[in-house]
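So the chains spell out like this:
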Amino acid sequence: DARVTQTPRHKVTEMGQEVTMRCQPILGHNTVFWYRQTMMQGLELLAYFRNRAPLDDSGMPKDRFSAEMPDATLATLKIQPSEPRDSAVYFCASGLGLRGTDTQYFGPGTRLTVL
Amino acid sequence: KQEVTQIPAALSVPEGENLVLNCSFTDSAIYNLQWFRQDPGKGLTSLLLIQSSQREQTSGRLNASLDKSSGRSTLYIAASQPGDSATYLCAVLSHNTDKLIFGTGTRLQVFP
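Residues numbered from 1 in each chain as written. Chains lettered and ligands numbered in written order. Predicted model: local features only at pLDDT ≥ 70, side-chain atom pairs only at ≥ 80, totals over all residues. Heavy atoms only, no water.

Trainee: Got a minute to help me understand the packing of aromatic side chains in this structure?
Mentor: Each pair of aromatic rings is reported with the distance of its centres and the angle of its planes. Counted according to the given criterion, the structure contains 8 aromatic pairs over all chains. A ring pair is formed by phenylalanine 106 of chain A and phenylalanine 36 of chain B, whose centres lie 5.7 Å apart and whose planes are at 80 degrees; its orientation type is edge-to-face. Here phenylalanine 106 of chain A, found in strand S10 (residues 105–106), pairs with phenylalanine 36 of chain B, found in strand S4 (residues 30–38), and the two come from separate chains. When its relative accessible area of 10% is taken as the criterion, phenylalanine 106 of chain A is described as buried. Among the aromatic residues, those joined into a ring-pair cluster are Phe33, Tyr35, Tyr48, Phe91 and Phe106 of chain A together with Phe36 and Phe102 of chain B. (Phe/Tyr/Trp six-rings, centres within 6.5 Å; stacked < 30°, edge-to-face > 60°. Helix = DSSP H or I, 4+ residues; strand = E, 2+ residues; numbered from the N terminus. Buried < 20%, exposed > 50% of the residue type's maximum accessible area, 1.4 Å probe, protein only.)

See the structure below:
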């Protein structure tokens, strides 16, 4: 049963610390997305990759967030330095990138709390 | 800019009722519309995907319709069960983008 995995599932950190979240997309999927979900803003797209190349990161605060795909099996989202307003659930999703016919498969999320 | 709205924001019904969740979007130039389910503390699970050329999709007790010209979709749940309790999110994939734009969801509670 192929699924997207994310680590850690929960993270509590103090303001100013670096946070790294990891995602393993479903094998064979060439498109990877990072979302953030908060009560106030709902689900927001932060960045996405196709074939490991970043296509759009306009949803990310550039000064503190960075997203990379070191290889096809790993996507990372880093926040440095973290701030209390970054507290949210961060989801990774992957897909085949077939517009119109393909859905996105979501991981369980990383719940981040910045104190 | 595509905007997606869902009403109602919350819904509480007794078991067995048929119910309708609504989704509207502002730009009709879409590839598809999708309905997702999210359980508390979990990720999203895709329920139904309607391509822009389709009018509806069905899966078990779920039926989703799409009226692209009016920018509307409905998710119909027949004979609701307590296990249907979750948040239901609608999302559209606009032309010339890979980005799904999500609504804020409808939180459904089905009580025995």
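Trainee: Mind showing me how you'd approach the interface of chain A and chain B here?
Mentor: Accessible area lost on assembly of the parts is the figure often given for the size of an interface. Listed as interface residues are 22 residues of chain A and, on the opposing side, 19 residues of chain B. The junction of chain A with chain B conceals about 1,700 Å² of combined surface from both sides, 52% of it contributed by carbon and sulfur atoms. Summed over the shared surface of chain A and chain B, the result is 1 salt bridge. Counting the contacts that link chain A with chain B gives 4 residue pairs in polar contact (both at pLDDT 80 or more). If you list the elements that add at least two residues to the side of chain A that touches chain B, you get strand S4 (31–38), strand S5 (42–50) and strand S6 (53–56) of chain A. Top element by residues in the side of chain A that touches chain B is S5 of chain A. It accounts for 4 residues. Residues that form the side of chain A that touches chain B fall into these classes: 9 nonpolar, 7 polar and 6 charged. (Contact = heavy atoms within 4.5 Å. Buried area = accessible area lost by both parts, 1.4 Å probe. Salt bridge = Lys/Arg side-chain N within 4 Å of Asp/Glu carboxyl O. Polar contact = N/O pair within 3.5 Å; in protein donor to acceptor, adjacent residues only side chain to side chain. Nonpolar A, V, L, I, M, F, W, Y, C, P; charged D, E, K, R; others polar.)

Trainee: Would you mind showing me how to read the sheet that holds strand S7 (residues 62–67) of chain B here?
Mentor: Sheet strands pair via backbone hydrogen bonds, and the direction of the pair is either parallel or antiparallel. All names here are of chain B. As summarised here, the arrangement of the 5 strands in space is S1-S3-S8-S7-S6, forming an open sheet in which the pairing is antiparallel. On the outer flanks of this sheet lie strand S1 (4–7) and strand S6 (56–59), each paired with one strand and no other. Strand-to-strand twist in this sheet, taken as the mean axis angle between neighbours without regard to direction, amounts to 15 degrees. Of the pairings in the sheet, the one linking strand S3 (residues 19–25) to strand S8 (residues 72–77) comprises 6 bridges and is antiparallel in character. If you follow serine 24 over to S8, its bridge partner there is arginine 72. (Pairing = 2+ DSSP bridges. Axes fitted to C-alpha atoms, helices over the stretch in contact; angles between N-to-C directions.)

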